[in-house]
Amino acid sequence: MRPFHLALPTQKLEATQQFYCEVLGCTLGRTSDHWIDINLFGHQLVFHDCGVEALAQAHNPVDAHSVPIPHFGVVLTPENHRALCEKIEGKVEFIIEPSVRFEGTPGEQRIVFFSDPNGYALEFKSFANDDDLFAPFAD
């Protein structure tokens, strides 16, 4: 699989770098006075301080949760998901605490939602079987 690239506006470049590197343990890539590259589990996440506020947030009900939209994240292995949840415990305010969604279905997944300093919602999830990532719901 090839790395994904996402670029977002920020007005909090220093706090954003601190959060992704120190709290999440990501590594810093190239930087300038106005943007930073973050290695988000092998994917390129770029924040540009371009004088624009963060993207607006909405919510959508999904499996008894109010899911923030937009959101982004990475599908991790179950072991890496558990390790991340332990690492961030007490360092972030959970939007949706670590939990299991769609239990007992092919789409069963462990999830966690929290925000970065910009208010961007992040979702990290894991499947026991990665083949279930795009599995349809059972009727």
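Further up the page is the structure itself.
Anyway, here's the lowdown on the structure attached to this text. All figures in this text were calculated on a predicted structure; none of them were measured in a lab. (Residues numbered from 1 in each chain as written. Predicted model: local features only at pLDDT ≥ 70, side-chain atom pairs only at ≥ 80, totals over all residues. Heavy atoms only, no water.)

## Overview of the sheet that holds strand S4 (residues 43-48)
The condition is simple: Whether two strands pair depends on DSSP finding at least two bridges between them. Only runs of H or I of at least four residues qualify as helices and only runs of E of at least two qualify as strands under DSSP, and these elements are numbered from the N terminus. Axis angles are defined between N-to-C directions and span 0 to 180 degrees, where every axis is a line fitted to C-alpha atoms and, for a helix, only to the segment in contact. Note on contacts: a residue pair is in contact if any heavy atoms of the two residues lie within 4.5 Å.
If you walk across this open sheet you meet the four strands as S1-S4-S3-S2, and the pairing is mixed. Lying at the two open borders of the sheet, with one neighbouring strand each, are strand S1 (5-9) and strand S2 (27-31). When the angles between neighbouring strand axes are averaged without regard to direction, this sheet yields 25°. One ladder, built from five bridges, connects S1 with S4; its direction is parallel. Bridge pairing links His 5 to Gln 44 in S4. Those strands touched by helix H1 (residues 13-23) are S2, strand S3 (35-40) and S4, and its axis lies near 15° from that of S3.

## Re the nonpolar core
The condition is simple: Nine residue types can take part in a nonpolar core, namely buried Ala, Val, Leu, Ile, Met, Phe, Trp, Tyr and Cys, and a core is a set of them joined through side-chain atoms within 4.5 Å. The buried label goes to any residue with under 20% of its type's maximum accessible area, the exposed label to any with over 50%, and the partly exposed label to all in between, with areas taken from a 1.4 Å probe on protein chains only.
The biggest cluster of nonpolar side chains holds 25 residues, and the ones touching the most others in it are Tyr 20, Leu 24, Phe 47, Phe 114 and Phe 124. Of all the elements in the fold, those that place two or more residues in this core are H1, S3, S4, helix H2 (78-88), strand S10 (109-115) and strand S11 (121-126).

## Section: the environment of Thr 16
Position of Thr 16 among the secondary structure elements: in helix H1. Since its relative accessible area comes to 0%, Thr 16 is described here as buried. Distance in space between the C-alpha atoms of Thr 16 and Asn 60 is 26 Å, their sequence separation being 44 residues. Apart from the residues lying within four places of it in its own chain, the contact partners of Thr 16 are Thr 10, Ile 36, Phe 47, Pro 117 and Asn 118.

## Regarding H2
Keep this limit in mind: The arc in question is formed by the directions pointing from the helix axis toward the C-beta atoms.
Along H2, the positions that sit buried rather than exposed are His 81, Leu 84, Cys 85 and Ile 88. Looking down the long axis of H2, one finds its buried residues gathered within 100° of arc, a one-sided arrangement. Exposed positions of H2 whose direction lies more than 90 degrees from the buried face are Glu 79 and Glu 86. Its buried side turned inward, H2 meets H1, strand S8 (75-76), strand S9 (94-101), S10 and S11.

## Thoughts on the packing of aromatic side chains
To be explicit about the condition: A pair of Phe, Tyr and Trp rings is counted when the ring centres sit within 6.5 Å of each other, with Trp represented by its six-membered ring. The angle between the planes then sorts it: under 30 degrees is stacked, over 60 is edge-to-face, the rest tilted.
One pass over the full model with this rule turns up six aromatic pairs. Ring geometry for Phe 19 versus Phe 114: centroids 6.3 Å apart, planes at 55°, classification tilted. Of this pair, Phe 19 sits in helix H1 while Phe 114 sits in strand S10, placing them 95 residues apart in sequence. Of the two residues examined, Phe 19 and Phe 114, each falls in the buried class. Counting every residue linked through ring pairs, the aromatic cluster contains Phe 19, Tyr 20, Phe 41, Phe 47, Phe 114, Tyr 120 and Phe 124.

## Side note on unusual backbone geometry
Following Ile 69, the chain continues to Pro 70 via a peptide bond in cis, the omega torsion being -5°. Along the chain, Pro 70 turns up in the loop between strand S6 (65-69) and strand S7 (71-72). Phi is positive for Phe 102, which is not a glycine, with a value near 60°. Examined against the element boundaries, Phe 102 turns out to sit in the loop between S9 and S10. With a relative accessible area of 18%, Phe 102 lands in the buried category.

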